[in-house]
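For reference, the chains in residue letters:
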Amino acid sequence: TTGRAVWLAEDGRKEAPDGTFSQDFLFDLGVPKFPTNSPAPLREVMFNAGSEAVAVTIDRPLGLVFEEKLDGLYTKIVVEEIVPGGNADKAGVLQVGDVLRVTTAVFLVPGVVDVTAWLNPPKASNCKAFFVCDKQNFDKVMSAIQSHVVPVDTPDGVATMGEVGLVLERRASGR
C-alpha cells in the first residue's frame, strides 16, 4: 500500500465569516506500484462551523461499522463503531460519530470511442477515483467502499487496492 490515498492540501482551508470553512484535499489515484506524481485535487469541500476535517488512509478490511442517519432532509453516513484491533482502530484517527464525506472507489470507465476507433474500440478499464458521499444513499456509499475489491487496471496489468482513503467531518460537540 502507498499509505497515503488522501490528505489535506497545504494552504487548502478557507474560513467563512459564519464559522464554516472549505477544505481542499489531494488524492493519490495511483496504485501501490504506480503512485501518481500529480495527485487529483478535490476542491472546497464545505464543513460546518466548529467541525474538523479528517483525512485518513486505512488498509482493508477497514474494521468500521457505518450507519445511515437522517440529517434534516438528507441522510448522512456516520461511523457507528470502530472494531477493536481492526485497521481503523490501529490507524488511531477515527472516532465514533465522524461523518463520512468522501471515499476512494473503483469505477469502470468506458474507453473513448471516436470516428477512427469505431471498428476496434478501446476496452473499458477499472480506475481508482474519489466518490463524494454527501446526500447519497447508504447502499451507494457502501458499494463505493466495497468497490476496492475490484482490481484496477495499470500499465503492467491489474492491481488490487489494499487501502481506502476517507474524508470525514468531526463535529466539535453534539454530534
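These figures come from a predicted structure and were not determined experimentally.

So, how was this worked out
Residues numbered from 1 in each chain as written. Predicted model: local features only at pLDDT ≥ 70, side-chain atom pairs only at ≥ 80, totals over all residues. Heavy atoms only, no water. Salt bridge = Lys/Arg side-chain N within 4 Å of Asp/Glu carboxyl O. Helix = DSSP H or I, 4+ residues; strand = E, 2+ residues; numbered from the N terminus. Buried < 20%, exposed > 50% of the residue type's maximum accessible area, 1.4 Å probe, protein only. Polar contact = N/O pair within 3.5 Å; in protein donor to acceptor, adjacent residues only side chain to side chain. Contact = heavy atoms within 4.5 Å. Core = buried A, V, L, I, M, F, W, Y, C linked by side-chain atoms within 4.5 Å. Pairing = 2+ DSSP bridges.

**Re the pattern of salt bridges**
Next, step 1: Evaluated as defined, the whole model comprises 10 salt bridges.
Next, step 2: For the salt bridge of Asp-24 with Lys-14, the shortest nitrogen-to-oxygen distance reads 3.4 Å. With a gap of 10 residues between them, Asp-24 in strand E2 (residues 21–27) and Lys-14 in strand E1 (residues 6–15) connect regions that are remote in the sequence.
Next, step 3: Given a relative accessible area of 38%, Lys-14 falls into the partly exposed group.
Next, step 4: Residues participating in the shared-partner salt-bridge network are Arg-101, Asp-134, Glu-169 and Arg-171.

**Side note on the side chain of Asn-126**
Next, step 1: Residue position: Asn-126 is located in strand E8 (residues 125–132).
Next, step 2: On the accessibility criterion, Asn-126 (19% relative accessible area) is buried.
Next, step 3: Of the polar contacts made by the side chain of Asn-126, one reaches the backbone oxygen of Pro-151; its length is 3.3 Å.
Next, step 4: Setting aside residues no more than four positions away along its own chain, Asn-126 makes contact with Val-106, Phe-107, Leu-108, Val-150, Pro-151, Val-152 and Asp-153.

**Let's talk about the nonpolar core**
Next, step 1: Counting residues in hydrophobic clusters, the biggest one holds 22 residues, and the most contacted among them are Leu-64, Leu-94, Leu-100 and Leu-166.
Next, step 2: Of all the secondary-structure elements, those providing two or more residues to this core are strand E4 (51–59), strand E5 (64–71), strand E6 (74–82), strand E7 (99–109), helix H2 (138–146) and strand E11 (163–171).
Next, step 3: Looking at this core, the element that brings in the most residues is H2, giving 4 residues.
Next, step 4: What Leu-166 contacts, discounting residues up to four positions off in sequence, is Val-6, Val-54, Ala-55, Val-56, Ile-58, Leu-64, Leu-94, Leu-100, Val-102 and Thr-103.
Next, step 5: Residues Val-6, Phe-21, Phe-27 and Val-167 belong to the second largest nonpolar core, which totals 10 residues.

**Some thoughts on the pairing of E2**
Next, step 1: For E2, the tally of buried residues reaches 6 of 7 residues, placing the bulk of the element in the interior.
Next, step 2: Sheet analysis places E1 next to E2, joined by 6 bridges and oriented antiparallel. Counterpart to Lys-14 in the pairing with E2 is Ser-22.
Next, step 3: Taking the residues between adjacent antiparallel strands as the criterion, E1 and E2 are bridged by 5 residues, where Gly-19 takes a positive phi near 95°.
Next, step 4: The pairing of E2 with strand E3 (residues 40–47) spans 6 bridges and is antiparallel. From the neighbouring strand, Phe-27 faces E3, where its bridge partner is Ala-40.

Everything listed is a geometric property; what it means functionally is a separate question.
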